[in-house]
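# Per-entry structural report
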Amino acid sequence: MSCTLQLRTSNSTFPVLDILCGRFEKEQGIKVQIVVDTSKNSLARIEAGEWGDIAVLLDSSIDQLSSDDILDKSSIRTFARSAIGMAVKNGSPKPDISTMKSFLDTLENAKSIAHTQFGPSGLYFSQLIDALSLGDRIRPKTVTRPGGYIGRVVVEDKAEMAWQQICELMMVPGLDVIGPIPKEVQKIITSKVGLFKDSQHQAEAYSLLSFFERDDLESTFKKTGLEVGPE
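Residues numbered from 1 in each chain as written. Predicted model: local features only at pLDDT ≥ 70, side-chain atom pairs only at ≥ 80, totals over all residues. Heavy atoms only, no water.

## Focus: the sheet that holds strand β3 (residues 54-58)
Adjacent strands of a sheet form backbone hydrogen bonds with each other and so pair up, either parallel or antiparallel. Taken in spatial order, the five strands of this open sheet run β2-β1-β3-β10-β4, and their pairing is mixed. Across the chains shown, the open sheet's two edge strands, defined by having one partner strand only, are β2 (31-37) and β4 (77-82). With strand direction ignored, the average angle separating the axes of adjacent strands in the sheet is 20°. Here three bridges tie strand β1 (residues 4-10) to β3, and the two strands are oriented parallel to one another. Within the sheet, the bridge partner assigned to Arg8 lies in β3 and is Ala55. Here helix α1 (residues 14-28) sits on the sheet in contact with β1, β2, β3 and β4, set at roughly 170° to β2. (Pairing = 2+ DSSP bridges. Helix = DSSP H or I, 4+ residues; strand = E, 2+ residues; numbered from the N terminus. Axes fitted to C-alpha atoms, helices over the stretch in contact; angles between N-to-C directions. Contact = heavy atoms within 4.5 Å.)

Dropping the structure here:
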């Protein structure tokens, strides 16, 4: 009997999952319905009782759902890793952020910087500028949104540059990714995958989990700004 798996995920991993699940459906004949929301909302909705078969979320969210006995602990594994970067509107000058000095100069000279309030990259931005003793100067020129693809704010001319995971910046038409922030201050954001304990389609869900681990999918992850495999 055919079934439809429900996969819960957030904005950063949706692009690659959209591709992978389409390929899985063609190869295995098992449909996958992707439910996407911000990372914070996804966790809250699941904890409030919304169901699913498989979840791909921020590592801390997956660990929390495992601790809550919602996900099967034995099924949990790393899904992908993502670096933080910066971007400007297509055609705009690209400032240098390749070294710490040029990165700090870019922060200081920027007219405005957009970041999310509750996404992992946005939370890190606020922590970082304080750690660099730049909070008082940088925070007044930030443009924030609760979540979502923050690069849209730049494309709409509501901010000069955007700060977010590179995989999310790449999803915004009209945006040019400058590159990753320097390794000295880089924060690699890890996502994990796990199966719901009460899934009615355990065998099919495990098939999808195994599919995600295939070596021939690495290029698909990279195309969407993600890394897989050993660090």
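Here the narrative resumes.
## Notes on the packing of aromatic side chains
All chains considered together, the criterion is met by five aromatic pairs. Aromatic side chains Phe24 and Phe211 sit 5.4 Å apart centroid to centroid with 65° between the ring planes, which places their arrangement in the edge-to-face category. Residue Phe24 is located in helix α1, and its partner Phe211 is located in helix α9 (residues 202-212); the two are separated by 187 residues in the primary sequence. Assessed through its relative accessible area of 0%, Phe24 is described here as buried. Members of the aromatic cluster, each reached through a chain of ring pairs, are Phe79, Phe212 and Phe221. Positioned above the aromatic ring of Phe118, the side-chain terminus of Lys40 is 3.8 Å from the ring centre. (Phe/Tyr/Trp six-rings, centres within 6.5 Å; stacked < 30°, edge-to-face > 60°. Buried < 20%, exposed > 50% of the residue type's maximum accessible area, 1.4 Å probe, protein only. Lys NZ or Arg CZ within 6 Å of the ring centre and 35° of its normal.)

## Quick look at the sheet that holds strand β6 (residues 113-116)
Taking strand neighbours across the sheet as the criterion, the five strands line up as β7-β6-β8-β5-β9 in an open arrangement whose pairing is mixed. In this open sheet, the two strands that pair with only one neighbour each are β7 (142-145) and β9 (175-180). On average, each strand axis in the sheet is tilted by 30° relative to the strand beside it, whichever way the strands run. Two elements, β6 and strand β8 (residues 161-165), share two bridges in a ladder whose sense is parallel. Pairing of Ala114 across the sheet is with Ala162, part of β8.

Honestly, it's all geometry; don't read function into it.
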